[in-house]
Amino acid sequence: MTDLTCLGVVLSDRGSKYAVTGARVTSRADVDAVLARLKSDKAYAKATHNTWAAVLPTGALKADDGETGAAMVILRMMERAELADHVIIVTRWYGGKKLGGDRFRRVQDATRAYLDHLESGP
């Protein structure tokens, strides 16, 4: 497993804040290690949702962490970008107002920020 790439808070919407983090992974154990490392930061541990998706040699994995349907958004974007051996985590701190369908757009925006970062290089 390589180092985490944490872009921090990349956008806000009606009080909710979204951050995105990712790392190269090749197994479920790597995914779990990345999540544990991310949540070792109290701010991320206390976040409302840490939704993630991973494309591994053994197949795709995802978890909504209470943000129903959001992990599938991340996974589809990863598959379209042909990004394998990677996990992307979109973190949301709930701001007090429901976003409805806009929450999926914010997950897309955060995931796009990460994919753009990868494309632009270190």
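Residues numbered from 1 in each chain as written. Predicted model: local features only at pLDDT ≥ 70, side-chain atom pairs only at ≥ 80, totals over all residues. Heavy atoms only, no water.

Some thoughts on the overall build of the protein
- When helices and strands are counted, the protein shows four helices and five strands.
- Reading the secondary structure of the protein in the N-to-C direction produces β-β-α-α-β-β-α-β-α.
- The C-alpha radius of gyration of the protein comes to 13 Å, within 12% of the 14 Å expected for a compact globule of 122 residues.
- By principal-axis analysis of the C-alpha atoms, the protein measures approximately 40 × 30 × 30 Å.
- Here the protein holds 122 residues, and 42% of them are scored as buried.
- Residue pairs at least 24 apart in sequence account for 63% of intrachain contacts in the protein once pairs closer than 6 positions are excluded.
- For the protein, the accessible area works out to roughly 6,200 Å², and carbon and sulfur atoms hold 49% of it.
- Where the 18 positive side-chain charges of the protein centre and where its 15 negative ones centre are 8 Å apart. (Helix = DSSP H or I, 4+ residues; strand = E, 2+ residues; numbered from the N terminus. Rg over C-alpha atoms; globule rule 2.2 N^0.38 Å. Buried < 20%, exposed > 50% of the residue type's maximum accessible area, 1.4 Å probe, protein only. Contact = heavy atoms within 4.5 Å. Areas by Shrake-Rupley, 256 points an atom, 1.4 Å probe, with all protein chains shown as cover. Lys, Arg positive; Asp, Glu negative; His and termini not counted. Charge placed at Lys NZ, Arg CZ, Asp CG, Glu CD.)

Things to note about the sheet that holds strand β2 (residues 16–24)
- With respect to topology, five strands assemble into an open sheet ordered β1-β2-β5-β3-β4, the strand pairing being antiparallel. A single partner strand is all that each edge strand has here, and the edge strands are β1 (5–13) and β4 (59–63). Shown here is a sheet whose adjacent strand axes are inclined to one another by a mean of 15°, direction ignored.
- Here strand β3 (residues 49–56) pairs with β4 via five bridges, running antiparallel. Across the sheet, residue W52 finds its bridge partner in β4, namely A63.
- Here helix α1 (residues 28–39) sits on the sheet in contact with β2, β3, β4 and β5 (86–93), set at roughly 155° to β3. (Pairing = 2+ DSSP bridges. Axes fitted to C-alpha atoms, helices over the stretch in contact; angles between N-to-C directions.)

Observations concerning helix α4 (residues 102–120)
- Its 19 residues give α4 an end-to-end C-alpha distance of 27 Å, which sits within 8% of 27 Å, the value for a rise of 1.5 Å per residue.
- For α4, the full list of buried residues reads R103, R106, V107, A110, T111, Y114 and L115.
- Taken together, the buried residues of α4 touch β1, β2, α3 (70–80) and β5.
- Residue G121 follows α4 closely and has a positive phi angle near 85°. (Expected span 1.5 Å × (residues − 1).)

Considerations on the pairing of β1
- Where β1 meets β2, seven bridges bridge the pair, whose relative direction is antiparallel. When the sheet's bridge partners are listed, T5 is paired in β2 with G22.
- Hairpin connection between β1 and β2: a loop of two residues separates the two successive antiparallel strands, and R14 in this loop has a positive phi of roughly 50°.

Coordinates in, geometry out; function isn't part of it.
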